Amino acid sequence: PYERPALTKAYLHPPSCKVRARLPGFHTTVGAGGEAHGPAWYEKHGILLVTGRVGSLDLGTRTATTLSGARYQYQHLFVATGCRPRWVGEFGVAGDFVEG
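Residues numbered from 1 in each chain as written. Predicted model: local features only at pLDDT ≥ 70, side-chain atom pairs only at ≥ 80, totals over all residues. Heavy atoms only, no water.

## Structural notes on the overall build of the chain
Piece 1. Helix and strand content of the chain: two helices and three strands.
Piece 2. Of the regular secondary structure in the chain, the N- to C-terminal order runs α-α-β-β-β.
Piece 3. Counting the 100 residues in the chain, one finds 9% classified as buried. (Helix = DSSP H or I, 4+ residues; strand = E, 2+ residues; numbered from the N terminus. Buried < 20%, exposed > 50% of the residue type's maximum accessible area, 1.4 Å probe, protein only.)

See below:
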């Protein structure tokens, strides 16, 4: 699910605005306490959701190749790089499991 960063939200929705900017037919779900979109939602909207890791992109032929060798041609590509939490212990600092 896509969640706009706070800077964008502040720009689109300044305290003085009377009408909130919205993208037609698009909304974030998780940030509003809703459920993440499931596979059926993507299928209904004609979106091929590919999970896993892409090993290479050929921008000339508009082809993405996964690490497992599957190839996908695309018209529009959205790359979600993902992330993982970093523990302070990785930097030699105590406190990974301190309450609060």
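Read on, since the account is not over.
## Concerning unusual backbone geometry
Piece 1. Even without a glycine there, the phi angle at R62 is positive, about 55°.
Piece 2. One can find R62 in the loop between β1 (54-58) and β2 (63-66).
Piece 3. Among the residues examined, R62 registers a relative accessible area of 41% and is labelled partly exposed.

## Observations concerning the sheet that holds β2
Piece 1. Pairing is antiparallel across the open sheet formed by three strands, whose spatial order is β1-β2-β3. Every other strand in the sheet has two partners, leaving β1 and β3 (71-73) as the edge strands with one partner each. Averaged over all neighbouring strand pairs, the angle between strand axes comes to 20°, with direction disregarded.
Piece 2. Two elements, β2 and β3, share three bridges in a ladder whose sense is antiparallel. Its bridge partner lying in β3, A64 is registered against Y72. (Pairing = 2+ DSSP bridges. Axes fitted to C-alpha atoms, helices over the stretch in contact; angles between N-to-C directions.)

## Focus on the packing of aromatic side chains
Piece 1. Taken as a whole, this structure holds two aromatic pairs when the rule is applied.
Piece 2. Measuring from ring centre to ring centre gives 5.1 Å for W41 and Y42, while their planes differ by 85°; the resulting arrangement is edge-to-face.
Piece 3. Judged by its relative accessible area of 25%, W41 is partly exposed.
Piece 4. The exposure class assigned to Y42 is buried, which follows from its relative accessible area of 15%.
Piece 5. Here W87 and F97 contribute two aromatic rings whose centre-to-centre distance is 5.2 Å and whose plane-to-plane angle is 35°, an arrangement assigned as tilted. Of this pair, W87 sits in the segment after β3 while F97 sits in the segment after β3; the two residues are ten residues apart in sequence, bridging distant segments of the chain.
Piece 6. When its relative accessible area of 73% is taken as the criterion, F97 is described as exposed. (Phe/Tyr/Trp six-rings, centres within 6.5 Å; stacked < 30°, edge-to-face > 60°.)

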